[in-house]
Amino acid sequence: MKKLCLLLLLIVFSGIAATAKDNPLRLKSGSLSTLKNSGGEIECVIDFSRTKANRKPLEQYITEDYKSDMETFRRYEPEMLQWFMERWDDDIEKGPKATTSDSAPLELRIVVKTLQMGAKTGYGGSSVSGYADFYKRGDTEPFATVEILKMNGTIMGGAVPGFPGLKQVFSDLAEYLCDLIYHSGK
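Each chain carries its own residue numbering, running from 1 in the direction its sequence is written. For a predicted model such as this one, the threshold for reporting local features is a pLDDT of at least 70, and the threshold for listing and counting side-chain atom pairs is 80 or more; totals across whole chains, interfaces and linings nevertheless cover every residue. Each side-chain value is derived from all of the structure's non-hydrogen atoms; neither hydrogens nor water enter the calculation.

Trainee: What am I meant to see in the overall build of the protein chain here?
Mentor: Runs of E in the DSSP output that reach at least two residues are strands. Runs of H or I that reach at least four are helices, and both are numbered from the N terminus. Along the backbone of the protein chain there are 4 helices and 10 strands. Going from N to C terminus, the protein chain has its helices and strands arranged as α-β-β-β-β-α-α-β-β-β-β-β-β-α. Burial statistics for the protein chain: of 186 residues in total, 41% are counted as buried. Residue pairs at least 24 apart in sequence account for 70% of intrachain contacts in the protein chain once pairs closer than 6 positions are excluded. Areas reported here follow the Shrake-Rupley algorithm with a probe of radius 1.4 Å; residue values treat only the protein chains shown as occluding. Counting every atom, the protein chain has about 10600 Å² of accessible surface; 55% of that belongs to carbon and sulfur. Relative accessibility decides the category of a residue: with a 1.4 Å probe and only protein chains considered, values under 20% of the type maximum give buried, values over 50% give exposed, and everything between is partly exposed. It only takes one pair of heavy atoms within 4.5 Å for two residues to be counted as in contact.

This is the structure we're talking about:
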């Protein structure tokens, strides 16, 4: 009887863990349904201005812990955004297409609160957490906020470290955001 109870608990907890792993995003406020069939364009921005890593400011983490420099990090930022936008455009179907134009009627601001790059030795992968805020142009309050619990950069289930891993993080994030929009109410 004890073995049966233990087995059932193990199955329940592994199911909960799998569900949490499969869905790293949570709609925190508002509604994404207006994006579902809206067409048009949405300006995409990745905001690293408040990012911490290992409880340190981003620059300190990059130089001390990751043994790189902010110049290199800044060089990769356009690629991270490009990977995000390409995946967004592939997955959004009838929703707004990604752009960097500040004249788009909508804005998506990805606020990265925490970041990890994994080890340069290849163990552990890159990940981010934070928020994705959706705005109508000119508004100061988002009409929807999605919480990014922990987005890992993976290829075929394997964690990818470093800058390639961060590019994969944002590609995967676009896929999950589009899926969340697709499954939002009418």
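Trainee: Could you clarify how one ought to interpret the nonpolar core in this entry?
Mentor: Soluble globular proteins: nonpolar side chains tend toward being buried together. Grouped together as the largest cluster of nonpolar side chains are 45 residues, with contacts concentrated most on F84, W88, L115 and F134. Elements that contribute at least two residues to this core include exactly β2 (41–47), α2 (58–65), α3 (70–91), β6 (106–116), β7 (127–136), β8 (144–152) and α4 (162–182). Tallying contributions element by element places α4 first for this core, with 10 residues. Discounting residues that sit within four places of it in the chain, F84 has contacts with C44, L108, I110, F170, S171, L173, A174 and L177. What makes a nonpolar core is a set of buried Ala, Val, Leu, Ile, Met, Phe, Trp, Tyr and Cys residues whose side-chain atoms join them at distances within 4.5 Å.

Trainee: I would appreciate a short explanation of α2 in the present structure.
Mentor: What sets the pattern is the α-helix's 3.6 residues per turn: residues three or four places apart point alike. Of the residues making up α2, those classed as buried are L58, Y61 and I62. The arc that holds every buried residue of α2, seen down its axis, measures 95 degrees, which confines them to one face. Contacts made by the buried residues of α2 are with β3 (52–53), β4 (56–57), α3 and β6. Of the residues trailing α2, K67 is marked for its positive phi of about 60 degrees. Of all possible arcs, the one meant is that of the directions from the helix axis to the C-beta atoms.

Trainee: Even after reading the chapter, I still don't get the layout of surface pockets, so can you show me in this structure?
Mentor: Leftover empty space is mapped by rolling, across the atoms, a probe with the size of a water molecule. Whether a set of points on the 1 Å grid over the protein atoms alone is a cavity depends on a 1.4 Å probe fitting there but being unable to get out, while an open set qualifies as a pocket with protein on both sides within 12 Å along at least five of seven lines; lining residues are those with an atom within 4 Å of a point. Grid points are joined across faces, edges and corners, and a volume is the space filled by probe spheres set on the points. What the second largest pocket holds in volume is close to 170 Å³. Lining the second largest pocket we find L35, K36, N37, D91, I92, E93, K94, G95, C178, D179, I181 and Y182. Any residue that is not Ala, Val, Leu, Ile, Met, Phe, Trp, Tyr, Cys, Pro, Asp, Glu, Lys or Arg is counted as polar, Gly included; the first ten are nonpolar and the last four charged. In terms of residue class, the lining of the second largest pocket is built from 5 nonpolar, 2 polar and 5 charged.

Trainee: Help me understand the environment of V146, please; the structure alone is not making it clear to me.
Mentor: Within the fold, V146 resides in strand β8. A relative accessible area of 0% means that V146 is categorised as buried. Between the C-alpha atoms of V146 and L25, which are 121 residues apart in sequence, the distance is 6.5 Å. With residues near it in sequence (within four places) discarded, V146 still touches L25, R26, L27, K28, L32, G130, Y131, A132, F134, L177 and L180.

Trainee: I would appreciate a short explanation of the side chain of E107 in the present structure.
Mentor: Assignment of secondary structure puts E107 in strand β6. Residue classification places E107 among the buried positions, given a relative accessible area of 11%. A polar contact is formed between the side chain of E107 and the side chain of R109, at a distance of 3.0 Å. Contact partners of E107, with chain neighbours within four places excluded, come to I42, E43, V45, D133, F134, Y135 and R137. Any pair of N or O atoms that falls within 3.5 Å is considered a polar contact. Within protein, one atom must be able to donate a hydrogen and the other to accept it, and sequence-neighbouring residues count only if both atoms are side-chain atoms.

Trainee: So what exactly am I meant to see when it comes to the confidence of the model for the protein chain here?
Mentor: Segments scoring low in pLDDT should not have their predicted coordinates read at a detailed level. Per-chain confidence: the protein chain averages 87 in pLDDT, with 86% of residues scoring 70 or above. By mean pLDDT, helix α1 (residues 2–22) is the weakest element of the protein chain at 44, and β2 is the strongest at 98. Values of pLDDT, which run from 0 to 100, indicate the predictor's confidence residue by residue.

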